[in-house]
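Next come the chains, spelled out residue by residue.
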Amino acid sequence: MTLPKEKTTWVGSRVPRIDGPERVTGELKYMTDYHYENMVWGKVLRPPYPYAKIKKMNTTKAKSLPGVIAVLTYEDIPGFNGFGIVVPDQPVLCEDVVRTTSDAVALVAAETEEIAEEALDLIEIDYEPLQAVTDTEFALSDDSPKLHPDGNIHSHVTISNGDVETAFKEADIVFENTFHSPRQMHAFIETEGGWGILEADGTLTIRCPGQYAYRDRLQIARALAWNPSRIRVVSSPVGGAFGGKDEITIQIYLALLALHTNGRPVKIHYSREESVIAGMKRHPFKVEMKTAAKKDGTLIANQVRAIADTGAYASLGGAVISLAIEHSCGPYKIPNVDLEGYCVYTNNGVAGAFRGFGVNQVCMGIETHLDMIAEEIGMDPIEIRKKNVYHQGEVSSLGHVVKGSVGTWKTLDVAEKCDLWVNRDKYKAEGKEPWKKRGVSIATSFHGVGMGIGLPDYGSASIELLHDGRFEVSVGCEEIGGGNGTVYAQVAAETLNCDVTYIDIVQGDTSKTMDGGTITASRSTYTGGRAVATAAPHMLNLLTKTAAGIWGVDETDVSVGKQKVVLKSKDRPNDSLSYAQIYDFLYEHRLETRVEGHFILPKEKKAIKGSGGAPHHIYGYLTHVVMVEVDTLTGETEVIKVVSIPDAGRVINPQGLEGQAEGGAVMGIGYALYEDTIMENGVHKTTNFSDYILPTMKDCPHIETLPVEELEATGPFGAKGIGEVVMIPIIPATISAIHDAIGVRINHLPATPERVYQAIKALREKESKSNEEKVM
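From a predicted model like this one, the values you see are computed outputs, not experimental measurements.

Along the backbone of the chain there are 20 helices and 28 strands. For 776 residues, the compact-globule estimate of 2.2 N^0.38 gives 28 Å, and the chain sits close to it at 28 Å. Put simply, the chain has 776 residues, and 60% of those count as buried. Here the analysis covers contacts within the chain between residues at least 6 apart in sequence; of these, 79% occur between residues at least 24 apart. Just so you have it, the chain exposes about 30,000 Å², and 50% of that area is on carbon and sulfur atoms. Of the side-chain charges in the chain, 77 are positive and 103 negative, and the distance between the mean point of each set is 3 Å.

Next comes the structure, spelled out in structure tokens:
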């Protein structure tokens, strides 16, 4: 069903980011930019071993060092010594065992950063190293040490439909492969940092970039054994996150130290090296997939076994493997599926939320198999996808009826007609060096919007009329780089019938905003935008009701004009009240100038058994067309052109959508070709950006964004989320484009020059051997 697009003024316009000028000029202050004369420095002590018992701990020498203000261990935690979004299994400060080199063992506060560093070296800890568990298959075995009381399996999810075994027997084509994906680093510009202070009134203020201030406040309160209302958390602005600041980073450390610094602000700011070790990463996956089809290209079965390495603690690992399995069959109709996922504990750091949230890792499998099936039967890769995608109202591979809007077929149709695809043979022939081969490919994917079944998922916003007739719109969702504040301003201006410059946006501050949920799960535009749109009618009602009272008329005789309220009367055609005049009246009579809007995100009524929360009610969809050039002498791969075709529902801000599409594409290219945090025996071998390869400006291709607007009936003006899917299908599309260029498939990401070159070498040897056999 295609909904009509509402005619609007601000929604759908290319409104420049409202926070753009202060960001690009450097005027905007991030948390770690603040410095105070009486500030003290905080530092965190971490263990040298990935797995060890703590036999003895002595802090006497560190405490006696001149300039040291406090040295804290687990004994100094007044409340609960643990944190974690779902399962609070990560100790704030370790007591008797360390399970990863990213664990925290002690905290130091000192007059200078140098003294704090010296004090860390003076803390004496006697460790007994234990056998580290660094392989997921070993972790699943009976021979592995048990890292947690319940064993090494944090989560196990299953989804089953139809009869897979019979389908495989009846299939004309079956492909089976194993795919490996890396431990990607969030690589945000702003490393973890912030500061805390015990205020004169006994309240605590924590300023630390995060992705859910209210949840951070709750976890801080548990550790301190405080009433959360005594704690203020300011979590925005954020200098990059991508999921890496969804979990607690240093907020509890700041709070504990602030209670021991006599009212002086305490600051912690990780170096890049410490951020690499302490920060969470994307879950590395091993995905075994077996896919069956008929000779006409109809998909009939898919079997998946996925294992995610969550590291030493749960964080959001259970949700990641659940979402991965939910998306492992792509946006297709496959009647017979057998899907299984494990989230496994190891001593390999900690993995958690990261843009795409598990879908990146499984998308490689199903999209690669579709290309292989298409190649086997001689079918166009877009045609086979169009043949198998589900539409709104149809049954997905999970067995549920898809109720939200679905734009997959339209994105594929646009891809089929775009210049890069239509003229791919011409572009492929334009390579300048004969040893460099070009390839073009496509892939499509989807991503759930919101938290899924079984988890709280709500939105809220407040709108306050200010003295000058402007509006202060407060939304809990932080601004982590995507420009959601501008979206909220556009929705507010549209619904309040005013200029966008009359809107002030406040985000990520527990003292100024209501709890509106986390800035994750591609929910920011949908949730915050709908919350603002829900609050706006209450403000309009307040304006008209107040004006009617001032004029002594019925509310039906009052209408809202452009930044004013107008009296609908032939006798008084020029009577109107500005918003500022209405504020004056409300203020003089001590009446409320603020309204609220609340709603619950739509969910499916029943979860699929064993799925961990599937399915979602709403999904965003996207197709990528990619052209690469492969140097056959070195194995180096360069992405030349990208066409990004998102279905984000109604596009609130085309400029913002393009920014998301471009940033997501580059991040996906990094994941596909370059990025991997190397660990050996539980120890980080990658320690900085000097040995972690990131795409730079020189690696950015020409990116064209062609949005498809399949309106979502429940969203603000028809919008839905797109922040994560923008980086997903480009991964398999890039790898398939390599195959199109040189005839090899890389199933182990990233497709580094070494891996590509070795694949080329193996192919040449195979071809040479085949030619020799023909001659004989």
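Moving on, we come to the nonpolar core. Counting residues in each nonpolar core, the largest one holds 98 residues, and the members touching the most others are Phe285, Val625 and Ile738. Take this core: its biggest share by element is 9 residues, from helix H10 (residues 359-377). In contact with Val625, not counting residues within four places along its chain, are Ala415, Cys418, Leu420, Trp421, Val440, Ser441, Ile442, Lys641, Val642 and Val643.

A few words now on the sheet that holds strand S14 (residues 299-311). If you walk across this open sheet you meet the 5 strands as S7-S15-S14-S13-S8, and the pairing is mixed. Strands at the two margins of the open sheet, each flanked by one partner only, are strand S7 (153-161) and strand S8 (173-181). Mean inter-strand twist for the sheet, computed between neighbouring axes without regard to direction, equals 5°. Pairing analysis gives 9 bridges linking S8 to strand S13 (residues 285-293), with the strands arranged antiparallel. Pairing of Val174 across the sheet is with Ala292, part of S13. Across the sheet, H10 lies against S8, S13 and S14, angled at about 145° from S8, the strand it touches most.

Closest axis-to-axis distance for the H10/helix H11 (residues 381-388) pair is 9 Å, and the angle between their directions is 115°. Considering their axes alone, H10 and H11 lie roughly perpendicular with respect to each other. Crossing angle aside, the handedness with which H10 passes H11 is right-handed. Residues Glu367, Leu370, Asp371, Ile373 and Ala374 of H10 touch H11, and the partners they reach there are Pro381, Ile384 and Arg385.

Glancing now at the side chain of Thr752. If you trace the backbone, Thr752 turns up in the loop between helix H19 (730-742) and helix H20 (753-775). Here Thr752 falls in the buried class, since its relative accessible area comes to 16%. Setting aside residues up to four positions removed in sequence, Thr752 forms contacts with Gly635 and Leu673.

Another point: the pairing of strand S20 (residues 558-561). As defined by bridge partners, S20 adjoins strand S21 (residues 564-567) across 4 bridges and the pair is classed as antiparallel. Residue Ser559 lies in a different strand from S21, and its bridge partner there is Val566. Here S20 hands over to S21 after 2 residues, with Gln563 in that stretch at a positive phi of 60°.

Turning to the pattern of salt bridges, a few remarks are in order. Inspection of the entire model under this criterion finds 37 salt bridges. In this structure, the salt-bridge partner of Lys43 is Glu113, at a minimum N-O distance of 3.0 Å. Taken together, the residues span a long stretch of sequence, with Lys43 in strand S1 (residues 40-45) and Glu113 in helix H3 (residues 113-122) at a distance of 70 residues. For Lys43, a relative accessible area of 7% corresponds to the buried category. Through salt bridges with shared partners, a single network forms among Arg17, Asp19, Arg23 and Glu479.

Across the sheet, 3 strands lie side by side as S4-S2-S6; this open sheet has antiparallel pairing. Only two strands of the sheet have a single partner each, and these edge strands are strand S4 (97-98) and strand S6 (124-129).

Using the criterion set out here, one finds 4 cavities of 30 Å³ or more in the structure. Around the largest cavity sit 17 residues that line it, and Gln90, Ile248, Thr249, Ala278 and Gly279 are the ones nearest its centre. Taken as a whole, the second largest cavity spans an internal volume of roughly 80 Å³. Considering the residues around the second largest cavity, the lining is formed by 13 residues, among which Val449, Gly452, Pro602, Lys603 and His617 are closest to the centre.

At a minimum axis separation of 8 Å, H10 and H19 run at an interaxial angle of 40°. As summarised for this structure, H10 and H19 are arranged oblique, according to the angle between their axes. Seen along the crossing, H10 lies across H19 with a hand that is right-handed. Taking contact as the criterion, the partners of Asn360, Cys363, Met364, Glu367, Asp371 and Glu375 in H10 are, on H19, Ile731, Pro732, Ile735, Ser736 and His739.

With that settled, consider a negative patch on the surface. Residues Asp163, Glu165, Glu170 and Asp338 make up a contiguous surface patch of negative charge. By the secondary structure assignment, Asp338 is in strand S15 (residues 336-345). The exposure class of Asp338 is partly exposed, given its relative accessible area of 31%.

On to the environment of Glu288. Mapped onto the fold, Glu288 is located in strand S13. Distance in space between the C-alpha atoms of Glu288 and Asn177 is 6.0 Å, their sequence separation being 111 residues. Excluding residues within four positions of it along the chain, Glu288 makes contact with Asn177, Thr178, Gln303, Val304 and Arg305.

Before going further, it helps to spend a moment on the environment of Arg207. By the secondary structure assignment, Arg207 is in strand S10 (residues 204-207). A residue is classified by how much of its surface remains accessible, and Arg207, at 22% relative accessible area, is partly exposed. Taking the C-alpha atoms as reference points, Arg207 and Gly194, separated by 13 residues in sequence, lie 5.5 Å from one another. Residue contacts for Arg207: discarding those within four places in its chain leaves Met31, Gly193, Gly194, Trp195, Arg232, Val234 and Leu254.

About the thresholds
- Residues numbered from 1 in each chain as written.
- Predicted model: local features only at pLDDT ≥ 70, side-chain atom pairs only at ≥ 80, totals over all residues.
- Heavy atoms only, no water.
- Helix = DSSP H or I, 4+ residues; strand = E, 2+ residues; numbered from the N terminus.
- Rg over C-alpha atoms; globule rule 2.2 N^0.38 Å.
- Buried < 20%, exposed > 50% of the residue type's maximum accessible area, 1.4 Å probe, protein only.
- Contact = heavy atoms within 4.5 Å.
- Areas by Shrake-Rupley, 256 points an atom, 1.4 Å probe, with all protein chains shown as cover.
- Lys, Arg positive; Asp, Glu negative; His and termini not counted.
- Charge placed at Lys NZ, Arg CZ, Asp CG, Glu CD.
- Core = buried A, V, L, I, M, F, W, Y, C linked by side-chain atoms within 4.5 Å.
- Pairing = 2+ DSSP bridges.
- Axes fitted to C-alpha atoms, helices over the stretch in contact; angles between N-to-C directions.
- Parallel < 35°, antiparallel > 145°, perpendicular 65-115°, else oblique.
- Left-handed = near helix turned anticlockwise from the far one by under 90°.
- Salt bridge = Lys/Arg side-chain N within 4 Å of Asp/Glu carboxyl O.
- 1 Å grid on protein atoms, 1.4 Å probe; cavity = no way out; pocket = protein on both sides within 12 Å on 5 of 7 lines; lining within 4 Å.
- Points joined across faces, edges and corners; volume = space filled by probe spheres on them.
- Patch = residues over 30% accessible without salt bridge, like charges linked within 9 Å, V, L, I, M, F, W, Y side chains within 5 Å.

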